Amino acid sequence: MQTIINDVKMFLDNTNEIVIFDVQEFSSNFNGNLTIHEEFIEFLKTEFNDYALPYAGWNVPLNKIWSQQKKKNLIIAYDDHRFFNHFFLWPSVTQQWGNVQSRNDLFLYLRKVEDEALSSRKICRFHRILRNS
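Structure report, in brief. (Residues numbered from 1 in each chain as written. Predicted model: local features only at pLDDT ≥ 70, side-chain atom pairs only at ≥ 80, totals over all residues. Heavy atoms only, no water.)

So, the overall build of the chain
Logical step 1: If you tally the helices and strands in the chain, you get four helices and three strands.
Logical step 2: When the helices and strands of the chain are read in sequence order from the N terminus, they spell out α-β-α-α-β-β-α.
Logical step 3: Here the chain, with 133 residues, has 27% of them falling under the buried criterion.
Logical step 4: Considering only contacts in the chain between residues 6 or more positions apart, those separated by 24 or more positions represent 64%.
Logical step 5: Accessible surface, the chain: about 9800 Å² in total, of which carbon and sulfur atoms supply 53%. (Helix = DSSP H or I, 4+ residues; strand = E, 2+ residues; numbered from the N terminus. Buried < 20%, exposed > 50% of the residue type's maximum accessible area, 1.4 Å probe, protein only. Contact = heavy atoms within 4.5 Å. Areas by Shrake-Rupley, 256 points an atom, 1.4 Å probe, with all protein chains shown as cover.)

The following block contains the structure:
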């Protein structure tokens, strides 16, 4: 793990890229053990403190990230909502797996995923409008 962390730091030190460090699919040692999660999160915080971008929502413009005075281009996404009280943890990235064998099936699958995402955004926007009225 330390090798990966050092590689990420070196990459961040030498580029202006935004990196999403998505932590998920925990081993069985983590199941139900909040202490192990807390220790791991503290380890990530210690290692990435100078790089981690505090949670600002997935809609934050890239220019806002790049224009910060202190270069913090690392998004640490964590696949357990119980720990979002840590200011630097972001919700995990949702992954899609089409499991298709042809280009046409891939396009159909991607269109379906896009349509579902767009319709859920419309629903979320509609709920926000209702909540604010």
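What to know about helix H1 (residues 2-14)
Logical step 1: With 13 residues, H1 extends 18 Å between its outermost C-alpha atoms, agreeing within 8% with the 18 Å of an ideal straight helix rising 1.5 Å per residue.
Logical step 2: The secondary structure elements touched by the buried residues of H1 are strand E1 (19-23), helix H2 (34-48) and strand E2 (74-78). (Expected span 1.5 Å × (residues − 1).)

Some points on unusual backbone geometry
Logical step 1: For Asn-99, which is not glycine, the phi torsion reads 50 degrees and is therefore positive.
Logical step 2: With respect to the secondary-structure elements, Asn-99 resides in the loop between strand E3 (89-91) and helix H4 (103-132).
Logical step 3: With a relative accessible area of 57%, Asn-99 lands in the exposed category.

Here we look at the nonpolar core
Logical step 1: One finds Leu-44, Phe-48, Leu-74, Ile-76 and Tyr-78 to be the most contacted residues of the largest nonpolar core, which totals 19 residues.
Logical step 2: Among the elements that make up this core, the one with the highest residue count is H2 (four residues).
Logical step 3: Among the nonpolar cores identified, the runner-up in size contains five residues, and Leu-53, Val-60, Ile-65 and Ile-75 belong to it. (Core = buried A, V, L, I, M, F, W, Y, C linked by side-chain atoms within 4.5 Å.)

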